[in-house]
Amino acid sequence: MQITVTVNDDSFTREIEPRLLLIHFLRDDLGLTGSHWGCDTSNCGACVVWLDETPVKSCTVLAAMADGHRVRTVEGLAARGRLDPVQEGFARCHGLQCGFCTPGMMLTARWLLDHNRDPTDEQIREALSGQICRCTGYENIVRAVRWAARHEGTGGGAGPGPGGSGGTGPGATGPGPTANEVTW
Ligand code: FES
Ligand code: FES
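In this numbering scheme, every chain counts its residues from 1 along its sequence in written order. Think of it this way: whatever chain is written first is A, whatever ligand is written first is 1, and the rest follow in order. Totals for whole chains, interfaces and linings use all residues, but because this is a predicted model, local features are given only for residues with pLDDT of at least 70 and pairs of side-chain atoms are given and counted only at 80 or more. As a convention, hydrogens and water are excluded, and side-chain values are obtained from all of the structure's heavy atoms.

**With respect to the pattern of salt bridges**
Here's step 1: Salt bridge, as used here, is a side-chain nitrogen of Lys or Arg placed within 4 Å of a carboxyl oxygen of Asp or Glu. Counted by the stated rule, this structure contains 9 salt bridges.
Here's step 2: One salt bridge connects Glu17 with Arg19, and the closest N-O pair in it is separated by 2.8 Å.
Here's step 3: Relative accessible area serves as the criterion here: at 65%, Arg19 is assigned to the exposed category.
Here's step 4: We note a salt bridge from Glu139 to Arg125, for which the minimum N-O separation is 2.8 Å. With Glu139 in helix H5 (residues 139-151) and Arg125 in helix H4 (residues 121-127), this pair connects stretches of sequence that are 14 residues apart.
Here's step 5: You can call Glu139 partly exposed: its relative accessible area is 34%.
Here's step 6: Each of Asp84, Arg110, Asp114 and Glu152 takes part in one network of salt bridges that share partners. Throughout this description, buried means an accessible area under 20% of the type-specific maximum (1.4 Å probe, protein chains only), exposed means over 50%, and partly exposed covers the range between. The way it works is that DSSP assigns letters per residue, a run of H or I at least four long becomes a helix, a run of E at least two long becomes a strand, and they are numbered from the N terminus.

Printed below as a string of structure tokens:
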């Protein structure tokens, strides 16, 4: 069957097998290997991408289900050469070690901040509760999201997701936050 999917604002038309999972379509057909394939059982969350406006575990979504829809992957977080505040927060607050969980964590965090600009630690943990990190103990991931929430609109980062209402906007200007602004 043929599908056409808009991924990170680019349209792709491909012939696929109907049984193909979205994670494999992204990684193998489109070469977007930022989304990771971990458990394949909907447990780890490493494969989280956005389908239209909603984070989904792409190991449980058929590529055919994305036909005519928009997908956002970690490759689409940065815009115009600027990191999304979520990406910058993970870097500054050491929110990763091996990085395997990180793309999914960041996509979910971006969604959270688009819907709640000032989440509590409890809300951050709840939003990320469907995703497993084997390395960090989660504390620095929460710090990273908190950092991003504090620095939305300060110059770094991409704009809102596809149709999203939050984010800093692709036209954001000015210098990004400096290292000594990192507080937690
Ligand atoms: S690979 Fe999809 S949830 Fe683990
Ligand atoms: S940083 Fe290694 S699994 Fe999260």
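That covers the picture; the talk isn't over yet.
**Remarks on the sheet that holds strand S5 (residues 70-72)**
Here's step 1: If you walk across this open sheet you meet the 5 strands as S2-S1-S5-S3-S4, and the pairing is mixed. Among the strands making up the open sheet, the edge pair consists of strand S2 (10-15) and strand S4 (54-57). Neighbour to neighbour, the strand axes of the sheet diverge by 35° on average, direction disregarded.
Here's step 2: Every residue pair with non-hydrogen atoms within 4.5 Å of one another is taken to be in contact. Helix axes use the C-alpha atoms of the stretch in contact, all axes being lines fitted to C-alpha atoms, and the angles between their N-to-C directions lie in the range 0 to 180 degrees. Strand contacts of helix H3 (residues 102-115): strand S3 (48-51), S4 and S5, with the helix running at about 45° to S3, the strand carrying the most contacts. Here, strands pair whenever DSSP counts at least two bridges between them.

**Some remarks on the packing of helix H2 (residues 85-92) against H5**
Here's step 1: It is at 8 Å that the axes of H2 and H5 come closest, and there the two elements cross at 135°. Classified by the angle their axes make, H2 and H5 are oblique. Where H2 crosses over H5, the handedness of that crossing is right-handed. Of H5, the residues touching H2 (which contributes Pro85, Val86, Glu88, Gly89, Phe90 and Arg92) are Ile141, Ala144, Val145, Trp147, Ala148 and His151.
Here's step 2: Note on residue categories: nonpolar means Ala, Val, Leu, Ile, Met, Phe, Trp, Tyr, Cys or Pro, charged means Asp, Glu, Lys or Arg, and polar means any other residue, Gly included. For the contact of H2 with H5, the per-class residue count stands at 8 nonpolar, 2 polar and 2 charged. With respect to orientation, any angle under 35 degrees is reported as roughly parallel, any angle over 145 as roughly antiparallel, any angle of 65 to 115 as roughly perpendicular, and every other angle as oblique. Each crossing is labelled by how the near helix is turned from the far one, with a counterclockwise turn of less than a right angle marking it left-handed and a clockwise turn marking it right-handed.

**As for the packing of H3 against H5**
Here's step 1: Packing of H3 against H5 brings their axes to within 11 Å, and their N-to-C directions diverge by 40°. When the axes of H3 and H5 are compared, the pair comes out oblique. Once H3 is placed against H5, the crossing between them reads as right-handed. Facing Met105, Ala109, Leu112 and Leu113 of H3, the residues of H5 in contact are Ile141, Val145, Ala148 and Ala149.

**Some details on the nonpolar core**
Here's step 1: What we call a nonpolar core is a set of buried Ala, Val, Leu, Ile, Met, Phe, Trp, Tyr and Cys residues that are connected through their side-chain atoms within 4.5 Å. Val86, Phe90, Met105, Ile141 and Val145 are the most contacted members of the largest nonpolar core, which has 24 residues in total.
Here's step 2: Mapped by element, the contributors of at least two residues to this core are S3, H2, H3 and H5.
Here's step 3: Top element by residues in this core is H5. It accounts for 7 residues.
Here's step 4: For the domain bounds, the source is a domain assignment made automatically or taken from a database. The two domains that each donate at least three residues to this core are domain 1 (2-76) and domain 2 (85-150).
Here's step 5: In this structure, Phe90 is in contact with Gly95, Leu96, Thr102, Met105, Met106, Ile141, Ala144 and Val145, ignoring residues within four places of it in sequence.
Here's step 6: Of all hydrophobic cores here, the second largest spans 17 residues; its members include Ile16, Leu22, Leu26 and Leu30.

Note that every value here comes from positions in space, so none of it alone points to a role or purpose.
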